[in-house]
Amino acid sequence: MGKNKTQFVCQQCGASFTKWAGKCSNCGEWNTLVEQTVMPEAEKKSALAKGQASGKKLAYESIRAIEPSDVKERLKTEFKDLNMVLGGGILLGSVSLLSGQPGIGKSTILMQICAEVAKTRKVLYISGEESAGQVKLRAKRLGANADNLCFASSTSGNDIAKTIESAEFDLVIVDSIQTLSLAEITSAPGTVSQVTNCGNLIIRAAKATDTAVVIVGHVTKEGTLAGPKVLEHLVDVVLNFEGDRYGGFKTVRAVKNRFGGTNEVAIFEMGEKGLMEVQNPSAALLAERQNTDGSIILATLEGARPILVEIQALVTPSNFGYPKRTASGFDLNRLNLLIAVIERRTKLRLNDKDVFINVVGGLKLNDSAADLAVCLAIASASAGRKLSEEYVVFGEVGLGGEVRSAFRADQRVAEAKKLGFKHAIAPRTNAGKDNFITPVKDLRETLIKYVK
Ligand code: TYD
Ligand code: MG
């Protein structure tokens, strides 16, 4: 028998091609062609020509009658918050995907997790990127030294799946999916077909043997999982590792979790001995603060967790006709929108000013209630006036300049109180009974009251 015939099928529109291409010439989508084996024409015809469903009726039962399957054991990591993100630990038989930029610390955190789990269970760390010597160097630094912590170097999806099937290990780390390939597929490692097929094989092996597997996936600059976006649908848990590569806080959050919630977040800092959880991020973030103009403390939420973070703005005259706007840790489109709202709804003029926004500590804000703090920071920097140290700020700003309510205001207020703040400039709809919130209605009123 000759080699199985394959074709490349666009996952978007279904068009098929004999050769792989980066772009589907039928629908114009990029990176959607996947190699598939061709079903012989005759077989296809006989299956479909009947025009009748060939399957059999499903056996169903009332959901009330179904016994919940045993909750499997969870492997605890040494990180309290990370366990929470995972819904209590890494579930046996689950497959998780840890994604993040190169150099953020994926291999480091996984080695630390392995070291902890290996105290009681057998763990295998498979690397397709680094040699045994390199991994040993890192393990030594992290104090990972258990007998039960094993290492293998491999880039073969087939071999790795076979190893997992042996059921020798309770936890297997695959670092990273982009380096793996299957012997049956000709395309290069990291392509969609390799990633999906390797992923599928590994997932099947993990489920069959109740092995917990963590797969590493690199992301591109734009933040999408390079190649294996498809993998997100196949795995049980998707963890995102975000933050600055050089210093600052790094966060791990679950964007998908079949066995737990997705609103917890773990905050880490890279130290000499690997990653450490930051216990009180607000205090750490505010420790080096200097109260200057353009500096505003925002009461924000990272997942379900309230955090106080400093937002800094710098407003300078533009040198060339076109004003420049830069944001680090804050969405640039949102910044442009807020500047437009300020220009239109208040008397502040920014059309000949460069505006820079910085969120201190490497956090990436994803909270609509950051709007008011950003606007106040810009106004404060522009006027050269600082806000009293007693204030925290939160609230969403609408296109009409109105200040809209923020969710979980009481948690934000509680965190601010804990750190010794006296007032919150916040939407009037969030105002409570104790006068901690000094309510504001719209942007214009806020700027007149606090920075003029
Ligand atoms: P790494 O975990 O290899 O990143 P990834 O697997 O996500 O690509 O390493 C992240 C960086 O952390 C690396 O540049 C070296 C640094 N680092 C420390 O600062 N301290 C340590 O203890 C370790 C192990 C690494
Ligand atoms: Mg790595």
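Residues numbered from 1 in each chain as written. Chains lettered and ligands numbered in written order. Predicted model: local features only at pLDDT ≥ 70, side-chain atom pairs only at ≥ 80, totals over all residues. Heavy atoms only, no water.

**Observations concerning the overall build of the protein chain**
As a reminder, the rule being used: Strands are runs of DSSP state E lasting at least two residues, helices are runs of H or I lasting at least four, and both sets are numbered from the N terminus onward. Remark: exposure states derive from per-residue accessible area (1.4 Å probe, protein chains only) relative to the maximum for the residue type, with buried under 20%, exposed over 50%, and partly exposed in between. Note on contacts: a residue pair is in contact if any heavy atoms of the two residues lie within 4.5 Å. Shrake-Rupley sampling with a 1.4 Å probe provides the accessible areas, and residues are treated as covered by the protein chains on show and by no other component. When charges are tallied, Lys and Arg are placed among the positive residues and Asp and Glu among the negative ones, while His and the ends of the chain are skipped. To locate a charge, take NZ of a lysine, CZ of an arginine, CG of an aspartate or CD of a glutamate.
Check the secondary structure of the protein chain and you find 12 helices and 23 strands. With respect to the three principal axes, the spread of C-alpha positions in the protein chain is 85 × 55 × 55 Å. With 452 residues in all, the protein chain has 47% of them scored as buried. For the protein chain, long-range pairs separated by at least 24 residues make up 66% of all intrachain contacts whose partners lie at least 6 apart in sequence. Approximately 23,200 Å² of the protein chain is accessible, and the part contributed by carbon and sulfur atoms is 50%. Once the 58 positive and 49 negative side-chain charges of the protein chain are each reduced to a mean point, those two points are 4 Å apart.

**What about the sheet that holds strand E1 (residues 6–10)?**
Put simply, the rule is: Strands qualify as paired when DSSP identifies two bridges or more between them.
One open sheet accounts for three strands, arranged E2-E1-E3; its pairing is antiparallel. Each edge of the open sheet carries a strand with a single partner, namely strand E2 (16–17) and strand E3 (33–37). Where E1 lies against E2, two bridges are found, and the strand directions are antiparallel. Paired with Phe 8 across the bridge in E2 is Phe 17.

**Examining helix H10 (residues 371–383)**
We count it as follows: By this rule, a helix spans an expected 1.5 Å times one less than how many residues it contains.
If you check H10, its first and last C-alpha atoms are 18 Å apart, about what 13 residues at 1.5 Å a residue would give, namely 18 Å. In terms of residue burial, H10 counts as a mostly covered element, since 11 of its 13 residues are buried. Within the sequence span of H10, burial applies to Asp 371, Leu 372, Ala 373, Val 374, Cys 375, Leu 376, Ala 377, Ile 378, Ala 379, Ser 380 and Ala 381. One or two positions beyond H10, positive phi appears at Gly 384, with a value near 70 degrees.

**Description of the site of ligand 1**
The condition that has to hold: Any residue with at least one heavy atom within 4 Å of a molecule or strand is counted as near it. Two N or O atoms form a polar contact when they lie within 3.5 Å of each other; inside protein one atom must be a possible hydrogen donor and the other a possible acceptor, and for residues adjacent in sequence the pair counts only when both atoms belong to side chains. Amino acids outside the nonpolar list (Ala, Val, Leu, Ile, Met, Phe, Trp, Tyr, Cys, Pro) and the charged list (Asp, Glu, Lys, Arg) are all regarded as polar, and Gly is one of them.
Residues in contact with ligand 1 amount to 16 residues; listed here are only the nearest, Gly 103, Lys 106, Ser 107, Thr 108 and Arg 138. Contact between ligand 1 and Thr 108: an oxygen atom at 2.5 Å from a side-chain N or O atom of the residue. Protein coverage of the free-state accessible area of ligand 1, which is 560 Å², stands at 74%. When residues of the shell around ligand 1 are traced back to their parent elements, those giving at least two are helix H3 (106–117), helix H4 (132–142) and strand E13 (265–271). The class makeup of the residues in the shell around ligand 1 is four nonpolar, seven polar and five charged.

**Describing the state of the cysteines**
Quick reminder of the rule: For this text, the term disulfide refers to a pair of cysteine sulfurs within 2.5 Å.
One pass over the full model with this rule turns up zero disulfides. Left without a disulfide partner, Cys 10 is nearest to the cysteine sulfur of Cys 24, which lies 3.7 Å away. With no disulfide of its own, Cys 114 lies 10 Å from the sulfur of Cys 150, the closest cysteine sulfur.

**What about the sheet that holds strand E14 (residues 274–277)?**
Sheet strands pair via backbone hydrogen bonds, and the direction of the pair is either parallel or antiparallel. The condition is simple: To obtain each axis, a line is fitted to C-alpha atoms, and for helices this fit is confined to the stretch in contact; angles are then taken between N-to-C directions over 0 to 180 degrees.
Ordered in space as E8-E7-E9-E10-E6-E11-E12-E13-E14, the nine strands form an open sheet in which the pairing is mixed. Each edge of the open sheet carries a strand with a single partner, namely strand E8 (149–153) and E14. Taken over all neighbouring pairs, the strand axes of this sheet differ in orientation by 25 degrees on average, direction set aside. Bridge count between E13 and E14: four bridges; the pairing is antiparallel.

**Observations concerning the packing of aromatic side chains**
Going by this rule: By convention, a stacked pair of Phe, Tyr or Trp rings (six-membered ring in the case of Trp) has centres within 6.5 Å and planes under 30 degrees apart, an edge-to-face pair has planes over 60 apart, and any other such pair is tilted.
Applying the stated rule across the entire model yields four aromatic pairs. Seen in terms of ring centroids, Tyr 125 and Phe 151 are 6.4 Å apart; in terms of plane orientation they differ by 25 degrees. Their pairing is stacked. Of this pair, Tyr 125 sits in strand E7 (residues 123–127) while Phe 151 is found in strand E8, placing the two residues 26 residues apart along the sequence. Look at Tyr 391 and Tyr 450: their rings are 5.4 Å apart centre to centre, the planes differ by 75 degrees, and that puts the pair in the edge-to-face class. With Tyr 391 in strand E19 (residues 391–393) and Tyr 450 in helix H12 (residues 443–450), the pair connects residues that are 59 residues apart, well separated along the chain. You can call Tyr 391 buried: its relative accessible area is 17%. We classify Tyr 450 as buried; its relative accessible area is 13%.

**Quick word on the packing of helix H9 (residues 332–345) against H10**
Put simply, the rule is: By definition, turning the near helix anticlockwise from the far helix through less than a right angle yields a left-handed crossing, and turning it clockwise yields a right-handed one.
Axis separation between H9 and H10 bottoms out at 10 Å; the angle between their running directions is 65 degrees. Helix-helix and strand crossings are classified by hand; for H9 and H10 the assignment is right-handed. Along its contact with H9, which presents Arg 334, Leu 335, Leu 338, Ile 339 and Ile 342, the element H10 presents Asp 371, Val 374, Cys 375 and Ile 378. Of the residues contributing to the contact of H9 with H10, the split by class is seven nonpolar, no polar and two charged.

**Brief notes about helix H6 (residues 192–209)**
Over its 18 residues, H6 extends 26 Å from the first C-alpha to the last, a length consistent with the 26 Å expected when each residue adds 1.5 Å. Val 192, Ser 193, Gln 194, Val 195, Thr 196, Cys 198, Gly 199, Ile 202, Ile 203, Ala 205 and Ala 206 are the residues of H6 that are buried. Considering only its buried residues, H6 is in contact with E3, strand E6 (95–100), helix H5 (157–165), strand E9 (171–175), strand E10 (212–218) and helix H7 (231–234). Positive phi shows up at Asp 210, right after H6, with a value of about 55 degrees.

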